[in-house]
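# Examination of the molecular architecture
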Amino acid sequence: VEVYEKQPIYVGGKARSILVKDSGTDGRKDLPGEHGFRFFPGFYKHITDTMKRIPFPGNRQGVYDNLVTSQRVMMARFGKPPIISLVNFPKSMADLKVLIDAATHSDTGLTKADKDLFAEKLWQLMTSSYKRRQEVYERISWWQYAQADQQCKGQPELTCPYAEYFVGGLTHTLVAAKPKLMSTKTGGDILLQLIFLMLNPSAHADRVLNAPTNDAWLTPWYNYLIEKGVKYNHHHLVESFKCNRDTREIESVQVKDTKTGAVKTITADYYISSIPVEFMCDLVNEDMYEVDHTLGYLKPLAKNVNWMNGIQFYLSEDVKLTKGHVIFLDSPWAITAISQLQFWPDFDINKHGNGKVKGILSVDISGWHTEGLNCKKADECTREEIIEEVWAQMKKSLNVDGKVVLRDDMRVSNTYLDDDIVIEKHGGKVQDKDSEKLLVNAVNTWSLRPEAFTGIKNLFLASDYVRTNTDLATMEGANEAARRAVNSIISITGSNAKFCKIWKLHEPLILAPLRWLDKCRFEKGMPWKNEVPWLFKFLHWVVYWAHRLVGKA
C-alpha cells in the first residue's frame, strides 16, 4: 500500500491537530492547535473499531482507550445565564439536579406550543420507517420539517426561541450544517442517535480524546502503518487520472511533488481516492465520465460544501466553563467551544508555549457567511478581526449578570487560527478562502452521492461524500466509506480475507412494530400518522416486556 498525502508533515486530513509554529520559547515545545476540535459521539462504531486495533503503550484496547467521556453541555446565551444539561443518562444525584435545573428553565421563551410541536416531530421521526426517511425526509429541510417558519412567525432566526433551542441548536453541533439546508433524513437520524444514547444508562453520548489528536490517535496510527509496510509519500498532489475506456480501468495517476515540483506517474493494481469532493470532481475527466456517468454528479454535489474551522485561545488560567462542549446559541458565527486541558490529564502544558499558558479554549466557527457583532461576515475579516470578533461573541455569552468568565488579560500567547483560512485582499477588500471545506448533507443530495465502488474496475472512493449508513460528513462516515471500498476490492479479487464490518445506525427494538406499521402505510402511498391499531399496541407491549426480561436476564 502506498499513500500520497498533500500535507508535508501531518496525516489524518481534517481530523489532525497542528503544532503552532514558533510558539514554543526557551526550549519549550510548540503549542497544540487544531483544524477543529474532535468529538466522538457514542453511536460511532466504524472509527472506534479501527481505533481499538491501533496499538498504544499501556492500553488494552489501543488508542480507543484514549477516549474519555464528557458529562455536560452548556448552552451559552447573550445576556442570560447559561443552561447546563447532561449528555448522558443521569447516574448520580448531582446529575439529576443538573437535568431538573435545565428542564425547568423559565427564561428560554419557549411556549407550551413550541414544546408540544417539537415532541410531536421527534415522535414522528422515531416511528417513521427507514423508507420514509430516505425517500421523503431526504427531500425536506430540517427547518421545514420542524415547521420553524410557523412557530417563529416572522421573528429573526437568531432570536426565535423555537429556532434557537430546537432547530438551530442541533445544527450548531453537526459539522457546518444549516437548518434551512440540511436534509431531515440526515439531521433527524443523527438527532435520534443522540437521544437514544442519552436514554441508555450504559452508553456515553459524547467522548473526546485525552490528549491532542496527533498524540492520542493519528501519530500512533501512522507509526503502526509504517511498521506494517505502508509507504507514505508526503507533500504530493494528484494532478490527473489516466483512464482506458476499453478496459474500463485506471492505467496510471499523475502526482506532483509540491516540494520539488517534479511530476510522477504512479501505477498500481487498485486506486482508492480519499480526495475531498470539491477537488475530486475536477479530476474526473472525459474518459472517466464515459466509463461511469455517475461520476458526473460529483460536480453539482461539490457545490454543497461549507466552512467549519478552528481557532484556539491560549489563556493564563484554565477556564473550564463546563465538563463538555459549549454551544453559543446566539452567536451569529455559530461558534462552539470546549475547554481542552481538563480532558488532557497527562499533557504538561508547562512544557509548551511561552510558559504562561495554563488553559486552552478551542473554538469552532461554522457561520462564516453571516454578519457578526462587528457588522462584518467572518469571510470578509482579517485574521485579527476574526480573533477579536470570536472573543467578543464568547464574552457577550459568558460574562453575564456581573460574572466575568473571560477577561482580555487572560490571553497570554498568540491565538491560533486554522491555516486553512487564507486571508486575501482584492481591491482593498478582504476576501478569505477556506482551502479545506466540509460537505453539508443538503436537501435531496443523496442521489448525487456515489457508492464506494465505481464503474471503473479498479477505482474506489473512500471519503465522507460516499453513500454510507452514517450519512454525515465526519471521520465516522469516511471510515465507513473506506471499509466499503476495501470490501469491494476483497470481493472482486476473490480474496479469502474477512470483509470489514459495516454497522447500521441504532434503532431501538421497542419501536420496531411502529416503524413496520409506517413502512406498510408508506408502501400504500399513505402519509405518516400517529395512529396505532390495538394489535400493534399489543405487539408494542410484548416487545417492550420481552426487551425488559432479556435485559434483566
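Computed from a predicted structure; not experimentally measured.

### Some thoughts on the pairing of strand 6 (residues 72–77)
Burial runs high along strand 6: 6 of the 6 residues are buried. Of the pairings in the sheet, the one linking strand 6 to strand 7 (residues 80–86) comprises 5 bridges and is antiparallel in character. Bridge pairing links Val-73 to Ser-85 in strand 7. What sits between strand 6 and strand 7 in their antiparallel hairpin is a turn of 2 residues, with Gly-79 showing a positive phi close to 70°. Pairing between strand 6 and strand 16 (residues 324–328): 5 bridges, direction parallel. When the bridges of strand 16 are listed, Met-75 appears paired with Ile-327.

### Concerning helix 3 (residues 112–127)
The terminal C-alpha atoms of helix 3 lie 23 Å apart, and with 16 residues this matches the ideal 22 Å at 1.5 Å per residue to within 8%. Residues Asp-114, Leu-117, Phe-118, Lys-121, Leu-122, Gln-124, Leu-125, Met-126 and Thr-127 constitute the buried set of helix 3.

### A short note on the sheet that holds strand 15 (residues 309–315)
Spatially, 7 strands are ordered 7-6-16-17-18-15-19 in an open sheet, and the strand pairing comes out mixed. For this open sheet the edge positions go to strand 7 and strand 19 (416–417), each flanked by a neighbour on one side alone. Contacting strand 6 and strand 7, helix 2 (residues 93–103) crosses the sheet at an angle of about 130° to strand 7.

### Brief notes about the nonpolar core
By size, the foremost hydrophobic cluster in this structure holds 60 residues, and its most contacted members are Phe-40, Met-51, Trp-142, Tyr-162, Val-167 and Trp-217. Listed by contribution, the elements that provide at least two residues to this core are helix 1 (46–52), strand 6, helix 3, helix 5 (142–145), helix 6 (148–152), helix 7 (161–173), helix 8 (184–198) and helix 9 (213–227). With 7 residues, helix 8 is the largest single contributor of residues to this core. What Tyr-162 contacts, discounting residues up to four positions off in sequence, is Leu-110, Asp-114, Leu-117, Phe-118, Ala-146, Gln-147, Ala-148, Gln-151 and Val-167. Membership of the second largest hydrophobic core comes to 34 residues, among which are Cys-243, Ile-250, Val-253 and Leu-298.

### Remarks on the packing of helix 3 against helix 8
With their axes 10 Å apart at the nearest point, helix 3 and helix 8 run at an angle of 95° to one another. If you check the angle between helix 3 and helix 8, you find them roughly perpendicular. Contact residues: Phe-118, Leu-122, Leu-125 and Met-126 in helix 3; Thr-184, Gly-188, Leu-191, Leu-192, Ile-195 and Phe-196 in helix 8. For the contact of helix 3 with helix 8, the residue count by class is 8 nonpolar, 2 polar and no charged.

### As for the pairing of strand 16
On any regular strand, side chains alternate: one points to one face of the sheet, the next to the other face. In terms of residue burial, strand 16 counts as a mostly covered element, since 5 of its 5 residues are buried. Both strand 16 and strand 17 (residues 335–339) contribute to a ladder of 3 bridges, which runs antiparallel. Within the sheet, the bridge partner assigned to His-325 lies in strand 17 and is Ile-338. Count of turn residues in the strand 16/strand 17 antiparallel hairpin: 6 residues, of which Ala-334 carries a positive phi of about 50°.

### A closer look at unusual backbone geometry
With phi around 40°, His-235 is a residue other than glycine that occupies positive phi space. Note on placement: His-235 falls in the loop between strand 9 (231–233) and strand 10 (236–244). The backbone of Asp-471 sits at a positive phi, close to 55°, despite the residue not being glycine. With respect to the helices and strands, Asp-471 occurs in the loop between strand 25 (459–461) and helix 14 (475–493). Asp-471 gets classed as buried once you look at its relative accessible area, which sits at 2%.

What counts as what
- Residues numbered from 1 in each chain as written.
- Predicted model: local features only at pLDDT ≥ 70, side-chain atom pairs only at ≥ 80, totals over all residues.
- Heavy atoms only, no water.
- Buried < 20%, exposed > 50% of the residue type's maximum accessible area, 1.4 Å probe, protein only.
- Helix = DSSP H or I, 4+ residues; strand = E, 2+ residues; numbered from the N terminus.
- Pairing = 2+ DSSP bridges.
- Expected span 1.5 Å × (residues − 1).
- Contact = heavy atoms within 4.5 Å.
- Axes fitted to C-alpha atoms, helices over the stretch in contact; angles between N-to-C directions.
- Core = buried A, V, L, I, M, F, W, Y, C linked by side-chain atoms within 4.5 Å.
- Parallel < 35°, antiparallel > 145°, perpendicular 65-115°, else oblique.
- Nonpolar A, V, L, I, M, F, W, Y, C, P; charged D, E, K, R; others polar.

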